[in-house]
Each structure stands twice: as structure tokens, then as C-alpha cells.
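# Coordinates in review
Residues per chain are reported as follows:
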Amino acid sequence: MKPHKYVIVGGGMAAAAAVGGIREVDPHGSIAVICAEKHAPYDRPPLSKALWTGQKTVAALSRDVAGPGVELHLGKRVVALDAAKKTVTDDAGNVHGWEKLLLATGGAPRRLPFADEGTIYFRTLDDYLRLRELADGGASFAVIGGGFIGSEIAAALAMYGKRVTMVFPEEGIGARIYPRGLSAFLDAYFRERSVTVLPGQSVSGLRRDGARIALSTGTTEVSADAVVAGIGIVPEVGLAQSAGLAVDNGIVVDEYLRTGHPDILAAGDVASFYSPVLDRRLRLEHEDNANTMGGVAGRNMAGRTEPYHHLPFFYSDLFDLGYEAVGELDSRLDVVEDWKEPFRKGVVYYLREGRVRGVLLWNTWGQIEAATAMIASKAPRSRAQLVGAISD
Ligand SMILES: Cc1cc2nc3c(=O)[nH]c(=O)nc-3n(C[C@H](O)[C@H](O)[C@H](O)COP(=O)(O)OP(=O)(O)OC[C@H]3O[C@@H](n4cnc5c(N)ncnc54)[C@H](O)[C@@H]3O)c2cc1C
């Protein structure tokens, strides 16, 4: 068994931030990062954005975690966690001891419930490299999913000059989060950019058709060179469950990001934490959450007692449209739309019982702090008070 002061399971953005957090407090303690992917930690968001437009290269995604006392064990999946003996074991049989353990295992893509014929479930750098190779050879792509990943990858492929068909069950692109008018605008915007948008359709089967893949929805058949799916993730909670730690839509942590075991913490996409700003538990799948929470977890592993009260922001880019957002974005809430220019620039407020729970800053920049303060104030606000309240 190899002993370490700190072991981090997972090598994503939360893990990378945790290494930095540990080093802020403890310059020397030994750290082992064990990750199933063969790549050292890297930034995921550009996989569906800047890599396709040439604004970023793969090399630029790399997160610098190397340093004295930091070991990276790549291409190794942790398959067992013994909380009593304070060890983890990887799939090659290596046993690592720890004083403090961080579970930063993120999520695995949700899969289609039938034979998927080589579908790319878009999540990792390897998925990007595979899709890029296919895009360099093929002409037409089917994208399953109309949420964050589906819409971004469809836009990226279209900008890369490919014929794209999007299929998803909701009534419009991003319909679960955007108000109806904005979602309908996006459908039209994508269509103007030659994307075939098929809302309201669920894929019921895929079959090989020579070198191509035929996708059927019951009413339509789409033929493509390759199929990409972005239909959500399932948090990787297996190790936590096997160790008897509480799991409820993610690994349950307290405000210091500790699980029920005082020396095991969790952070990033896999962690369910209590947000005092929103008065509820959250499990978020966003970069700012992974980075900020990972940093707090690292510092707390190294001896600090820093609560995680941050309300993370997130963002997305679709062709030349972009936004930042914070809080609960759910189109079922009461929505107040304040457009400076309809669907091009404006702010959307999401309210529950008259209080702002989320803010979408559509092509409106530098206003995350103002939006977060508005949510945190929990003050009741009328439609009239909100119009013009935030702008850049
Ligand atoms: C294509 C794409 C675009 C995105 N764009 C945006 C965006 O625009 N804005 C935004 O806010 N967020 C975006 N996100 C979300 C953001 O990237 C995630 O929230 C973030 O990467 C989560 O980091 P994480 O470290 O918690 O988990 P992950 O990134 O999932 O990393 C977990 C790592 O742990 C490894 N692992 C899991 N189980 C084990 C095990 N048992 N043993 C060893 N290793 C294990 C996994 O292989 C993985 O490498 C995007 C995500 C994707 C995929």
C-alpha cells in the first residue's frame, strides 16, 4: 500500500482546483490524483465551443496541477473504497492510503436505453477527439438532445461546416430553462444556420445503414454519418454508496463539503450541497461550481474550516449568442423578461412566490454580482421593479 496525506479520486476540474486549494494551505503534504481518464486534468467547456472555432487548442485546456509531492495516476479507475482502513484500490490492484480523501468523480453520460451503434456520448476530451476526426471525414451529424450539451455541440458542428439534425423531446431548444419565446427564437436561429431542428421527438432506435447510422423517432428517420448524444449525466456515486455514505441525487455533503465520514469530502458535479442563498440542496453541473467548490474542499482537507456558501454562475455560447446566468433557471417558474432587443440582449428573471430565484443575463455582461445580490436579498419584487433593474 502506498500512503498519501491526500488522495483525490477523479481528475476533472474539481480535482484540479482541489490540488490548488490543498497547496494554498499545505505546501508539502503528498497528494495522489487518481483518474479514469488518461489525460491530465483539463477544462471541459471548450470541448463544445472554442476548440471548434479555433479560438483554443487542446494544449491550452490543460490545468497545471504538477508540482513537488503531487502524483498523477492516470488511466486508473478506483474500484473500492475502504473508509475504515482509509484506503482506495484502483482497477490495476494498486492500493493507496489516505488521511483525507476527496471524491471528485463527476458524472457519467446518461445513455440511450437501446443499442446505440457507436453513439458518442459527449463528455470527455477523447469524445471530442473522436468526433473531430469523424467531422473531418463526414458531412452529416445527428445530435440527440436540446439542452446545454446538445445545443452547443450542434452549433459547434454547424459552425464547422457540417450538416446537423437535432432531435429532442422538448418543444424547443433549451425549453426547460428558457422562456417559450426565447426557445422558439433559438429554434429559428439554428434553422437559419442550416441546422434541422426536430423538437417534440424522442429517438426510439438506431440502426447501421452501411457506413451510416439511421435514427428513428417513430415519425421520422434521420440518416447521418455519426450520432452525438447530450442527454444529461448521472452522478458517479458508486464508491460513496459502497462505503455507506449518504447519497441523494449526488453525494451529500455538509457546508464544509464533508460527507458523513469526517475525512472524506466530495466536490464538483457529484456533490449535493446546501445553498443558504436558495434555501435548498443543489447539485450543479457547472464550471464555476467545480472550480470554487474544489478549491474550498482542498483547503478544508488541509485543515481550514471554510463553508461553501457560494452561488455558482454558469454560461453558454451558441453561435454568436452567449449568456451568463445564476441561480434557478427553470421555465416553469414565473418569468419576467426585460429585453433591450428581443432575444438578442436582455435579462430574464425567474421568480417563485414573488422572489427572484434565478437570473439569465442574455448577451449582458459583468452583472453576475448584481444578479447574485438580488437573489440573496430574498426581497419580494414586482414586474415593474424588475424591468431595468439590471443592465450592462
Ligand atoms: C462539453 C461540455 C461543455 C460544458 N460547458 C460548460 C459551460 O459552458 N459552462 C459551465 O458552467 N459548465 C460547462 N460544463 C460543465 C463543466 O465542465 C462541469 O461542471 C465540470 O467539468 C465538472 O467537473 P468535475 O471535476 O466535478 O467532474 P468531471 O469533469 O466529470 O470529472 C470527473 C473525473 O473523474 C473521473 N472518475 C469518475 N469516477 C472515477 C473513479 N472511480 N476512479 C477514477 N476516476 C474517476 C472521470 O473519468 C472524470 O475524469 C460543460 C461540460 C461539458 C462536458
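Parameters at a glance
- The written sequence of each chain sets the order in which its residues are numbered from 1.
- Given that the model is predicted, a residue must reach a pLDDT of at least 70 before its local features are reported, and side-chain atom pairs must reach 80 or more before they are shown or counted; all residues, however, enter totals for whole chains, interfaces and linings.
- Numbering of helices and strands runs from the N terminus, with a helix taken as a DSSP run of H or I at least four residues long and a strand as a DSSP run of E at least two residues long.
- Using C-alpha atoms as the atom set, the radius of gyration is obtained and then compared with a globule rule of 2.2 Å times the number of residues to the power 0.38.
- Whether two residues are in contact depends on their C-beta atoms, placed from the backbone: they are in contact if these lie within 7 Å.
- In this text, near has one meaning. A residue is near a molecule or strand if its C-beta atom, placed using the backbone, is within 6 Å of it.
- Residue polarity follows a fixed list, in which Ala, Val, Leu, Ile, Met, Phe, Trp, Tyr, Cys and Pro are nonpolar, Asp, Glu, Lys and Arg are charged, and the others, Gly among them, are polar.
- Source of the domain bounds: an automatic or database domain assignment.
- Between the buried cut of 20 or more and the exposed cut of 12 or fewer other C-beta atoms within 10 Å of a residue's own C-beta lies the partly exposed class, and all C-beta atoms are placed from the backbone.
- In this analysis, strands are considered paired if DSSP registers two or more bridges between them.
- Axis angles are defined between N-to-C directions and span 0 to 180 degrees, where every axis is a line fitted to C-alpha atoms and, for a helix, only to the segment in contact.
- By convention, the crossing between two helices is left-handed when the near helix turns anticlockwise from the far helix through less than a right angle, and right-handed when the turn is clockwise.
- Buried Ala, Val, Leu, Ile, Met, Phe, Trp, Tyr and Cys residues whose C-beta atoms connect them within 7 Å together make up a nonpolar core.

With that settled, consider the overall build of the protein chain. Looking only at helices and strands, one finds 9 helices and 27 strands in the protein chain. Relative to its length of 392 residues, the protein chain is compact, with a C-alpha radius of gyration of 22 Å against a globular reference of 21 Å. Look at the contacts in the protein chain between residues 6 or more apart in sequence, and 62% of them connect residues 24 or more apart.

The environment of the ligand is formed by 36 residues, the closest being Gly-10, Gly-12, Arg-44, Gly-106 and Gly-268. When contributions to the shell around the ligand are tallied by element, the ones reaching two or more residues are α1 (13-25), β3 (31-35), α7 (287-301) and β23 (313-318). Residue composition of the shell around the ligand, by class: 17 nonpolar, 10 polar and 9 charged. Inspection of the shell around the ligand shows a minimum of three residues originating in each of domain 1 (2-108 + 233-301) and domain 2 (120-229).

What follows deals with the pairing of strand β8 (residues 100-103). Neither face of β8 is left uncovered, since the one carrying Lys-100 and Leu-102 and the one carrying Leu-101 and Leu-103 both have all their residues buried. Strand direction decides the pairing type here: strand β2 (residues 6-9) and β8, joined by 4 bridges, are parallel. Bridging across to β8, Val-7 finds its partner in Leu-101. Sheet topology note: the β8/strand β20 (residues 264-266) ladder contains 3 bridges and is parallel. Bridging across to β20, Leu-102 finds its partner in Leu-265.

If you check the backbone angles, Leu-257 has positive phi at about 70 degrees while not being a glycine. Inspection of the secondary structure puts Leu-257 in the loop between β19 (251-252) and β20. Residue Glu-353 is not a glycine yet carries a positive backbone phi of 50 degrees. Along the polypeptide, Glu-353 turns up in the loop between β26 (345-352) and β27 (355-362).

Running from N to C, α1 and α7 point in directions that differ by 35 degrees, and their axes come no closer than 6 Å. Once α1 is placed against α7, the crossing between them reads as right-handed. Counting all contacts with α1, which are made through Met-13, Ala-14, Ala-15, Ala-16, Ala-17, Ala-18, Val-19, Gly-20, Gly-21, Ile-22, Glu-24 and Val-25, the residues of α7 involved are Glu-287, Ala-290, Asn-291, Met-293, Gly-294, Gly-295, Val-296, Ala-297, Gly-298, Arg-299 and Met-301. Tallied by class, the residues present in the contact of α1 with α7 amount to 14 nonpolar, 6 polar and 3 charged.

This part takes up the sheet that holds strand β15 (residues 212-216). If you trace the 3 strands from one edge of the open sheet to the other, you get β14-β15-β16, paired in antiparallel fashion. Edge strands, defined here as strands with exactly one partner in the open sheet, are β14 (205-209) and β16 (221-224). Averaged over all adjacent pairs, the angle separating strand axes in this sheet is 25 degrees, with direction ignored. Relative to β16, β15 is paired through 4 bridges, and the arrangement is antiparallel. Opposite Ile-213, over in β16, you have Ala-224 as the bridge partner.

By a frequent convention, interface size equals the accessible area lost on bringing the separate parts together. You can read the domains of the protein chain as domain 1 (2-108 + 233-301), domain 2 (120-229) and domain 3 (320-386). Computed from C-alpha atoms alone, the centre-to-centre distance between domain 1 and domain 2 is 30 Å. Contacts between the two partners involve 10 residues from domain 1, matched on the other side by 10 residues from domain 2. A breakdown of the residues in the side of domain 1 that touches domain 2 according to their chemical character gives 5 nonpolar, 3 polar and 2 charged.

Read across the sheet, 3 strands follow the order β19-β21-β22 without closing on themselves; strand pairing throughout is mixed. Two strands bound the open sheet, and with one partner strand each, they are β19 and β22 (280-282).

Taken as a class, soluble globular proteins show a tendency for nonpolar side chains to be buried jointly. Counting 66 residues, the largest nonpolar core has Ala-154, Val-227, Val-228 and Val-359 as the members making the most contacts within it. When residues in this core are grouped by element, the largest group, 8 residues, is from helix α4 (residues 148-159). Excluding residues within four positions of it along the chain, Val-359 makes contact with Ala-325, Val-326, Gly-327, Val-347, Tyr-349, Ala-371, Met-374, Ile-375 and Ile-390. Formed by 51 residues, the second largest nonpolar core is a distinct cluster that contains Ala-32, Val-88, Val-296 and Ala-297.

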